[in-house]
Every structure is written in C-alpha cells, then in structure tokens.
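One-letter residues, chain by chain:
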Amino acid sequence: VDARDASARTLATCRAHREEVVRVAFARASGRFATGSADGTCKVWDFDARERVVREAQSLDGHPGEVYGCCFLGDGDGGVVATCSETEARAWDVERGTTTAKTAPRDDLGTSGARTPERWSPGYLFSMARGDGVLACGCSDGVVRVYGDGSSGTFGERVAEVTAHPNAIVGSTSFIDGGRVLCSVGLDGTVVLTDVRTWGIFRRISAGSTLTSACGVGSGSWLAMVGESGVVRAIDAIGDASSSAQCVFEPKGEPVPLFCVAANESGTMLACSGAGVPSSAPTLGATFGAKTPDPSRLDVWMASSEA
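What you see as residue numbers is a count from 1 along each chain, following the sequence as written. Given that the model is predicted, a residue must reach a pLDDT of at least 70 before its local features are reported, and side-chain atom pairs must reach 80 or more before they are shown or counted; all residues, however, enter totals for whole chains, interfaces and linings. Just so you know, side-chain values use all the structure's heavy atoms and leave hydrogens and water out.

(A) Local environment of the overall build of the chain. Here a strand is any run of E in DSSP of at least two residues, a helix any run of H or I of at least four, and the numbering for each starts at the N terminus. Regarding its fold elements, the chain presents one helix and 23 strands. Only protein chains enter the accessibility calculation, which uses a 1.4 Å probe; a residue is then buried when its area is under 20% of its type maximum, exposed when over 50%, and partly exposed in between. Out of the 307 residues belonging to the chain, those deemed buried represent 47%. By the convention used here, residues are in contact when the closest approach between their heavy atoms is within 4.5 Å. Expressed as a percentage of contacts within the chain between residues at least 6 apart in sequence, the contacts between residues at least 24 apart total 45%. Only the protein chains shown count as covering a residue, and every accessible area follows the Shrake-Rupley method with a 1.4 Å probe. Accessible surface, the chain: about 14500 Å² in total, of which carbon and sulfur atoms supply 49%.

Here it is as structure tokens:
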C-alpha cells in the first residue's frame, strides 16, 4: 500500500501462501520483504517500485509449524532472514533457501496458561523482534526468550529469559528508546518494559483489556498498543508513570479486534489490521483457535503537518 496516497491504493498483491499471513518484515536497504504464514513457510518477495510488480524470490520451507516471527539480519540487503516456528528459531540463506543455523532443542519448557490452546503449548514462539545483536521471542508460556542474532557470536545462543507474563501468551515483542528497552505484550492486557542492560523488568502497564500487539513509534519511548478494544492507544511508556493513554486513534466504522500495529521509521505513520468480525464476537482466543479467515481491513494514520 502506498501510504503517501490518501486513498491508500494497493500497489501489488502477493498470492502464494496456502493459509493466513501472520507476520511481515521489511529489509530497509532493499525493496525486499518477508511474510510468515500459518502454512509453515516464510516467503521472501522482491518489489519493483517502477513496475509495481512483486516477485516471489524464495520460499523458506521446512519449519515444524506455523511461522509467527520473521525479520531480516545482516546489513539489511535481504540476504539473511531469521524465523521462529513452534519452539525453535532459525537463520536462513535466502538465495539458497537453506537453514544455516537454529536454536538448540529446549528442555526447560514450563506450562502455559488455561487460555492457551493445546496446539500452542508450551513455549511456542509467537513473535520475533530484532534488537542490538539479539532476537527477542515472545512465547506461549509467558516467557520472552532472547537469543543472539549471530552478528557477534553464535546464532541462537541463549542471552536471557524474561518471565514477563506468567500464564499468558506473549503475542508481541518490540524495542523502543533506541533499542535500550524491550517491550512485550501479553494477552493478559499488560505491557512489560525490560531494561536490556540487565534484562530486568522495570515497569508493567495495564491496558484494562486484552492486548495483541505493540510497536515503538519513532526513536524515542512512545509505544502504540492494539487489542480486543479495536482502538490504537499510544503512550510515552517511559516518561509517563500512569497507564492512561495519551493518544487514542479510533478506526472509522464499527470497532473490530486488532491483531497487529506497525509504525514507519520516522514515527509519522501508524498502520494496523485486525479481524473482520464485530468486537462483540467471541474472545480473541476463540478467534485464534478457529483459524477461519475473515475479511479484514488495514487502517493507516499519518501525522498532520499542523500537529
């Protein structure tokens, strides 16, 4: 979607996954992006801006289950991708379509909460965010597992484990404040802030409703959150000690549960998407468990020059 166009025109449509697409990642130094899907694949795409054509560059197959996390490694040219699926993270050579490294099998898995479907228990990896030399993966047992990204050591080596959301799925991880703070979002309706220097938790923020995703806005400490309420709430996560929202964005029309939110690098644009069902429908857990695709929409906000 070209967000510079007020009509949010679709530039190209990618059709190759057999099931829903649950993650998207961009390589900033190229026109390449990756998609993670419930069909167990991560596909890498090349976008030709002049011709407005998308070409599938590679399909990364062989994951043990759904791909709920993907991000580009290296210098951003799109040649190396990291993914997470079930309880393992992998590094891929995109051109060859082969796994170059993966995390060791885990024998320290705890138990997941009562709201976690059996197929996601325990320790299932639900998200992946890249920080300074690390990958932070949120899990179904409430733990954020942090691995080395291979830039200054071995890919997949254990760096830290943060028990951020006991008995709740960690649906989203991201870094804010120049990478110095790790944010994790739990379906228990909390955002947990962790200092990456010590891997110690220093703040918990309650949203009062189920959350599914959050992202940093700009290079500072602002954080945008979405979930079952159908609205986007943005707060200064570090500077504001209260949990009240400082900015609220409400999509046009009837609110629907929102599953993901993302911001551009400068923090002047927010985009979110969610279900095609009313917010009064069954809970998110039931929606996830059904795995029935619904018509969805993408809402985009841009900062006003007068703001």
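(B) A look at the side chain of Asp39. By the element assignment, Asp39 lies in the loop between β2 (32–37) and β3 (42–48). Only four residue types enter the charge count: Lys and Arg as positive, Asp and Glu as negative, with His and the chain ends excluded. Definition used for salt bridges: Asp or Glu carboxyl oxygen within 4 Å of a side-chain nitrogen of Lys or Arg. With no salt bridge to any partner, buried Asp39 finds its closest opposite charge in Arg18, at an N-O distance of 4.5 Å. Setting aside residues up to four positions removed in sequence, Asp39 forms contacts with His17, Arg18 and Glu19.

(C) Quick peek at the sheet that holds strand β9 (residues 129–130). For two strands to be treated as a pair, DSSP must find no fewer than two bridges joining them. With antiparallel pairing, four strands are arranged side by side in an open sheet as β9-β10-β11-β12. Every interior strand has two partners, whereas the edge strands, β9 and β12 (158–163), have only one. Note that strand β11 (residues 143–148) and β12 share five bridges and pair antiparallel. What sits directly across from Val144, in β12, is Val162.

(D) Layout of unusual backbone geometry. The phi dihedral of Glu86 is positive, around 50°, even though this residue is not glycine. Overall, Glu86 belongs to the partly exposed group, its relative accessible area being 31%. We note that Asp177 has phi near 55°; this positive angle belongs to a residue other than glycine. Its location among the elements puts Asp177 in the loop between β13 (170–176) and β14 (181–186).

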